Amino acid sequence: MPDADRRDMQQKGFLNHMVRSDHAGKLMPQAEKKLHEAVCVLLVELCERFTFFGIVCNMILFCTAKLGYRSHQAAMVNMCFVGTSTLTPVLVGWLAEYLVGRIKLVCICMFLHFLGTALLPVVSFPFEDVYIDKRHILLTLPKREQKIVFYFALLTASLGIGGIRAIVCPLSAYSLEDCGAKELLSFFNWFHWLVNLNSAVVFVSISYIQQSVARNLGFLIPFVSGLMAMITIHMVRGEMIYKPKADSSLLTTFGVIFSALKTCCVRHRYFSTAMASWLDHAKENHGGHYSETQVEGTKSLARLFPLFTFQILYRTCIMQIPSGYYLQTMNSNLHFGGLVLPVAAMNVISIVPLLILVPILECINSWLFSSKDTGHSPTIYIVVGHLSAALSVLVAGFSEMHRKHFPQVEQTLSQEVLLVSSMPCFHLAPQYILLGVAEALVTPSCSLLSFWLVPERMRGISMHFLALFNGAGCFMGALFVQTAHAGTQGSWFPHLLHEGKLERFFFFLASLMMVNTLGFWTIAHRYNNLHEDCANEFRGNIPGEKLLKHVKAIKHYNAVLESSPILSPVEKT
């Protein structure tokens with residue numbers, strides 16, 4: 001018997017070893033697939049950012065030198081393109097959810113992206129080394145057709161960018177559901193660090209390519225777009241496209257808001273104190289059309305609307321880098337050691353502080369989150385970042401006044417002779433550095449609050465709303481430029497900077513940003529411990545939790561009755 005038992009134990013041990021080996025063999029491909037998916041998503045993200053910054057970095061120079069636009073018009077075109085590219089992921093996400101399948105839509109968006117990026121260097125950007133034959137005849141188009149193709153290319157590229165950001169590489173694809181506040185902040189810090197490192201490479205390389213004798217290398221932009229398309233096709237074939245949970249939608253959130261507003265207006269009870277929140281009017285038990293779970297999720301999102309609103313003017317200040325700051329740099333002396341620096345290369349100065357600050361902020365965050373102070377909130381980063389953005393625009397106004405004191409010289413850009421200030425462009429570095437510090441502090445912190453302070457099912461919707469408000473900030477910047485130009489007859493945003501008062505526009509924007517900073521500082525305390533409050537309130541208001549509370553109360557009441565020595569058995573029953 002002992003020998004038989006020993007043999008049985010050996011056989012069982014062998015079988016268990018085989019089962020564990022088989023289980024480990026199944027887990028290993030899953031881990032490899034996850035890693036493969038993460039690498040593909042990251043590559044697509046970097047390629048998309050490469051093409052996006054490649055389009056943005058010299059658009060003002062192209063619009064003014066080649067299309068004959070005024071400076072304020074070129075700045076508006078650039079900001080509107082950035083704003084459209086920010087809003088299209090929301091639109092494409094809605095289309096993928098309701099009208100078109102995700103796989104079909106991502107193929108359409110990849111085609112549109114490649115078409116737009118191919119049209120820009122081939123047709124719209126008239127590189128002087130593109131010839132029809134050996135007699136060096138330039139491949140050009142009439143101005144009207146050139147503008148049509150240019151805007152068509154920008155529209156198709158922005159739609160393609162929206163599809164890539166919304167379907168192929170949304171933030172949800174990085175599996176952040178189980179991360180805590182410290183891990184999320186670390187992710188957003190390093191994510192934006194990597195994106196800005198990529199943009200630094202783009203601003204140096206692509207801007208030099210588009211501005212130097214090697215302009216045929218400008219076809220690198222559609223080449224990167226084609227590479228991104230091939231990676232995406234590989235992801236489609238390998239079933240690696242992220243599929244979000246269909247438990248919440250942007251339309252449901254808007255429906256809850258409009259239903260509550262409609263019910264309030266019909267009943268004339270908008271200022272009534274009978275309900276804890278005006279959104280409660282959208283609940284089914286109050287005459288609305290939405291469940292309690294949907295309304296409570298929308299209420300948690302509505303608490304973030306003040307945070308989103310204060311980001312609009314901040315985003316307008318950030319948009320001065322590809323508009324007002326770009327024009328200042330273009331009208332300054334770009335010569336450095338016998339070389340003519342690309343205009344967009346100055347953007348690297350705004351990226352360097354971010355690349356330096358992120359590792360430092362990581363150490364600070366690790367110390368703060370490991371301490372006993374559980375009330376730590378990144379809102380202080382947002383306040384300091386807003387203040388830095390206001391100071392940046394203020395410094396830009398003084399730099400503009402300083403720039404006009406230098407004598408004017410001739411400078412050739414894109415084979416156009418311009419009359420610019422002899423002030424070295426590096427004198428503009430402080431305003432770029434301050435905006436870089438602002439981005440390092442604000443963008444990761446705002447993304448963390450938008451992601452962390454809502455229930456898990458509402459996180460994607462929260463990021464969509466953040467994108468909507470950021471896009472609104474880009475379009476508000478374009479509106480400010482148009483209003484300043486038209487209201488002052490071109491004085492506050494002139495075509496020739498030495499003939500106008502661009503510094504007044506910067507001072508006006510800086511004063512608005514200071515008011516915006518003070519406004520956010522007064523409400524920042526609302527977001528300190530909001531995650532626990534939202535989670536407890538959300539759990540306490542959903543029907544399942546209410547039923548559970550009632551069941552626990554009944555059990556407790558029964559236990560009290562059973563243990564009572566005074567009541568008789570009949571009375572207990």
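All figures in this text were calculated on a predicted structure; none of them were measured in a lab.

A. Region of the structure containing helix α10 (residues 305–318). Compared with an ideal rise of 1.5 Å per residue, which puts 14 residues at 20 Å, α10 spans 20 Å between its outermost C-alpha atoms and is within 8% of the ideal. At I312, α10 shows its largest bend, some 30 degrees. Burial analysis of α10 places 11 of its 14 residues in the buried class, the great majority of the element. Next to the buried residues of α10 lie α9 (292–302), α13 (379–403), α14 (429–452), α15 (459–487) and α16 (502–523).

B. Representation of the pattern of salt bridges within the structure. Applying the stated rule across the entire model yields 6 salt bridges. Note that R315 and E439 form a salt bridge whose closest N and O atoms lie 3.9 Å from each other. Of this pair, R315 sits in helix α10 while E439 sits in helix α14, and the two are 124 residues apart along the sequence. Note on R315: relative accessible area 13%, which makes it buried. Beyond isolated ion pairs, a larger network of salt bridges with shared partners links E48, R49 and R165.

C. Focus on the packing of aromatic side chains. Inspection of the entire model under this criterion finds 22 aromatic pairs. Arranged with centres 5.6 Å apart and planes meeting at 40 degrees, the rings of F308 and F469 form a pair that is tilted. Highlighted residues: F308 in helix α10 and F469 in helix α15, separated in sequence by 161 residues. Linked through ring pairs, F254, F258, F305, F308, F465 and F469 together constitute an aromatic cluster. Positioned above the aromatic ring of F52, the side-chain terminus of R165 is 5.0 Å from the ring centre.

D. Quick peek at the environment of A440. Considering the arrangement of structural elements, one finds A440 in helix α14. Taking C-alpha positions, A440 is 8.2 Å from L355, a pair spaced 85 residues apart along the chain. With residues near it in sequence (within four places) discarded, A440 still touches N189, L354, L357 and L361.

E. Up close: the packing of α13 against α16. Direction vectors running N to C along α13 and α16 enclose 165 degrees, while the axes themselves pass 8 Å from each other. Classified by the interaxial angle, the pair formed by α13 and α16 is roughly antiparallel. Helix-helix and strand crossings are classified by hand; for α13 and α16 the assignment is left-handed. A class-by-class count of the residues in the contact of α13 with α16 yields 19 nonpolar, 5 polar and 2 charged.

F. A look at a nonpolar patch on the surface. Residues L387, L391, L394, F398, M401 and M514 make up a contiguous nonpolar surface patch of roughly 480 Å² in combined accessible area. For the nonpolar patch, the element with the most residues is α13, which contributes 5 residues. Tracing the chain through its elements places F398 in helix α13.

G. Structural context of the packing of α14 against α15. The geometry of α14 relative to α15 is characterised by a closest axis approach of 8 Å and an angle of 140 degrees between their N-to-C directions. Between α14 and α15, the crossing angle belongs to the class labelled oblique. In the crossing of α14 with α15, the sense of the turn from one axis to the other is right-handed. Of α15, the residues touching α14 (which contributes C446, S447, S450, F451 and W452) are R459, S462, M463 and L466. Residue composition of the contact of α14 with α15, by class: 5 nonpolar, 3 polar and 1 charged.

H. Structural context of the nonpolar core. Core analysis: the largest hydrophobic core is formed by 125 residues, its most contacted members being C63, F150 and L307. Each of domain 1 (30–130 + 139–245) and domain 3 (300–367 + 376–560) accounts for three or more of the residues forming this core. Once you skip the residues sitting within four places of it in the chain, C63 turns out to touch G68, Y69, A74, V77 and F150. Residues I257, L279, A282 and Y290 belong to the second largest nonpolar core, which totals 7 residues.

I. Spotlight on the side chain of T51. Checked against the element boundaries, T51 lands in helix α1 (residues 2–56). The exposure class of T51 is buried, given its relative accessible area of 1%. A polar contact of 2.8 Å, which involves the side chain of T51, links it to the backbone oxygen of E48. Not counting chain neighbours up to four residues away, the residues in contact with T51 comprise H113, T117, I221, V224 and S225.

J. Spotlight on the environment of I257. Tracing the sequence through the fold places I257 in helix α8 (residues 250–267). For I257 and A282, which are 25 residues apart along the polypeptide, the C-alpha to C-alpha distance reads 7.5 Å. Residues contacting I257, with those up to four places away along its chain left out, are W278, L279, T298 and F305.

K. Highlighting the environment of L67. Examined against the element boundaries, L67 turns out to sit in the loop between α2 (59–65) and α3 (71–98). Separated by 79 residues in sequence, L67 and Q146 have C-alpha atoms that sit 8.1 Å apart. Every residue in contact with L67, bar those within four places of it in the chain, is listed here: F62, K143, Q146, K147 and F150.

L. Inspection of α15 at higher detail. Taking 1.5 Å of rise per residue, the 29 residues of α15 would be expected to cover 42 Å, and the 41 Å separating its terminal C-alpha atoms lies within 8% of that figure. At the exit of α15 stands Q489, carrying a positive phi of roughly 55 degrees.

Criteria and thresholds
- Residues numbered from 1 in each chain as written.
- Predicted model: local features only at pLDDT ≥ 70, side-chain atom pairs only at ≥ 80, totals over all residues.
- Heavy atoms only, no water.
- Helix = DSSP H or I, 4+ residues; strand = E, 2+ residues; numbered from the N terminus.
- Expected span 1.5 Å × (residues − 1).
- Bend = angle between axes of the 7 residues up to and from the residue.
- Buried < 20%, exposed > 50% of the residue type's maximum accessible area, 1.4 Å probe, protein only.
- Contact = heavy atoms within 4.5 Å.
- Salt bridge = Lys/Arg side-chain N within 4 Å of Asp/Glu carboxyl O.
- Phe/Tyr/Trp six-rings, centres within 6.5 Å; stacked < 30°, edge-to-face > 60°.
- Lys NZ or Arg CZ within 6 Å of the ring centre and 35° of its normal.
- Axes fitted to C-alpha atoms, helices over the stretch in contact; angles between N-to-C directions.
- Parallel < 35°, antiparallel > 145°, perpendicular 65-115°, else oblique.
- Left-handed = near helix turned anticlockwise from the far one by under 90°.
- Nonpolar A, V, L, I, M, F, W, Y, C, P; charged D, E, K, R; others polar.
- Patch = residues over 30% accessible without salt bridge, like charges linked within 9 Å, V, L, I, M, F, W, Y side chains within 5 Å.
- Areas by Shrake-Rupley, 256 points an atom, 1.4 Å probe, with all protein chains shown as cover.
- Core = buried A, V, L, I, M, F, W, Y, C linked by side-chain atoms within 4.5 Å.
- Domains from an automatic or database assignment.
- Polar contact = N/O pair within 3.5 Å; in protein donor to acceptor, adjacent residues only side chain to side chain.

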